[in-house]
Amino acid sequence: DLVVDTTHYANNGADLFIRAGQDWLDRQSDIYKSFAQHFVSAAVGAWYTLVPNVRAIQNVWISNADREENLLTKKTVQWLKEEYAKDPGLLTNGTPLYYAPSFIRTIPEVMGTITFGKFGSTTYSDTTRDHYNYNAIVFLPPADEALTLRVEGTFYQPRLLMSGDTNYWTEAHPFILVLAACRALEISYRNTEGVNDWESAIQKELLGIEFDFVDQQSFGVQIEG
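Below: a short report on this structure. (Residues numbered from 1 in each chain as written. Predicted model: local features only at pLDDT ≥ 70, side-chain atom pairs only at ≥ 80, totals over all residues. Heavy atoms only, no water.)

### Quick word on the environment of tyrosine 84
Inference 1: In this structure, tyrosine 84 sits in the loop between helix 2 (77–83) and strand 6 (98–102).
Inference 2: When the C-alpha positions of tyrosine 84 and isoleucine 137 are compared, they lie 15 Å apart, and in sequence the two are 53 residues distant.
Inference 3: Setting aside its immediate chain neighbours within four residues, tyrosine 84 contacts Leu91, Tyr98, Leu140 and Pro141. (Helix = DSSP H or I, 4+ residues; strand = E, 2+ residues; numbered from the N terminus. Contact = heavy atoms within 4.5 Å.)

### Describing the packing of aromatic side chains
Inference 1: This model, assessed by the stated rule, comprises 7 aromatic pairs.
Inference 2: Ring geometry for tyrosine 48 versus tyrosine 124: centroids 6.5 Å apart, planes at 65°, classification edge-to-face. Remark: tyrosine 124 occurs in strand 8 (residues 122–126) and tyrosine 48 occurs in strand 2 (residues 48–52); sequence separation between them is 76 residues.
Inference 3: Among the residues examined, tyrosine 48 registers a relative accessible area of 25% and is labelled partly exposed.
Inference 4: Judged by its relative accessible area of 17%, tyrosine 124 is buried.
Inference 5: Aromatic pair phenylalanine 119 and tyrosine 124: ring centres 6.2 Å apart, planes at 70°, arrangement edge-to-face.
Inference 6: For phenylalanine 119, a relative accessible area of 27% puts it in the partly exposed group.
Inference 7: One aromatic cluster is present, formed by Trp47, Tyr48, Phe116, Phe119 and Tyr124 through successive ring pairs. (Phe/Tyr/Trp six-rings, centres within 6.5 Å; stacked < 30°, edge-to-face > 60°. Buried < 20%, exposed > 50% of the residue type's maximum accessible area, 1.4 Å probe, protein only.)

### Side note on the pattern of salt bridges
Inference 1: Within this structure, the stated rule accounts for 8 salt bridges.
Inference 2: Taking the shortest distance from any N to any O, the salt bridge between arginine 150 and glutamate 69 comes out at 3.0 Å. Note that arginine 150 is positioned in strand 10 (residues 147–155) and glutamate 69 in strand 4 (residues 69–71), a separation of 81 residues in sequence.
Inference 3: With a closest N to O distance of 3.1 Å, aspartate 126 and arginine 129 form a salt bridge.
Inference 4: Take aspartate 126: its relative accessible area is 13%, and that puts it in the buried class. (Salt bridge = Lys/Arg side-chain N within 4 Å of Asp/Glu carboxyl O.)

### So, the sheet that holds strand 1 (residues 35–42)
Inference 1: If you walk across this open sheet you meet the 4 strands as 1-10-3-4, and the pairing is antiparallel. Edge positions in the sheet fall to strand 1 and strand 4, since each has one partner strand and no second. Here the strands of the sheet are splayed against their neighbours by 30° on average, with no regard to which way each runs.
Inference 2: By the bridge criterion, 8 bridges tie strand 1 to strand 10 in an arrangement that is antiparallel. Its bridge partner being in strand 10, glutamine 37 is matched across the sheet by glutamate 152. (Pairing = 2+ DSSP bridges. Axes fitted to C-alpha atoms, helices over the stretch in contact; angles between N-to-C directions.)

### Some details on the packing of helix 1 (residues 14–28) against helix 4 (residues 174–188)
The relative placement of two packed helices is expressed as an angle between their axes plus a distance between the axes.
Inference 1: Where helix 1 meets helix 4, the axes come as close as 7 Å, and the angle between the chain directions of the two elements is 110°. In this view, helix 1 runs roughly perpendicular relative to helix 4, as classed from their interaxial angle. Side by side, helix 1 and helix 4 meet where Phe17, Ile18, Ala20, Gly21, Gln22, Trp24 and Leu25 of the first sit next to Ile176, Leu177, Ala180, Ala181, Arg183, Ala184, Leu185 and Ser188 of the second. (Parallel < 35°, antiparallel > 145°, perpendicular 65-115°, else oblique.)

As structure tokens, then:
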């Protein structure tokens, strides 16, 4: 009853559980494909950017036209506010040195608007999207040249929105995705024992993938005393 028919399998509720299963898999463990990098172009004067579908931002690098790349130092938004006690739009541009994950949800929420900061009557915002699937970073001082930001971290797999959509789970491990969807379905039945059984089966399937990732990360690494 979760598909319209068993010929074309058009969605009649199944997609909800498939997507829930994928979200749970993405959060459940760190495997090789959990990690990714996101590239952003930053114009002169830029000091903030959005990062889509990211679970956790780990590093931010900047590179310029001369192909010089530098790692930014992570700080908190509070530290940046104290260190640069001024509207970022009025700061002297320079080579960015620091970054901080930033809050972009405001109350009351305005649909289709993301606000990065407000200083007096000046508001810095993006009016082309909602904040739901984005995190953001602030980097200072503002860029004095066109830059490319490389954001490293753990990211969610692409959402399965259309019937033909694919991602890592559908292509590399479809069986695990099916198991995760079955787990989500058991939750809707309030069947604790069934949920635990599915989780046990999924963890056994994931274990080999996690072992491969650990083996790759540790192979050839020597610990010096």
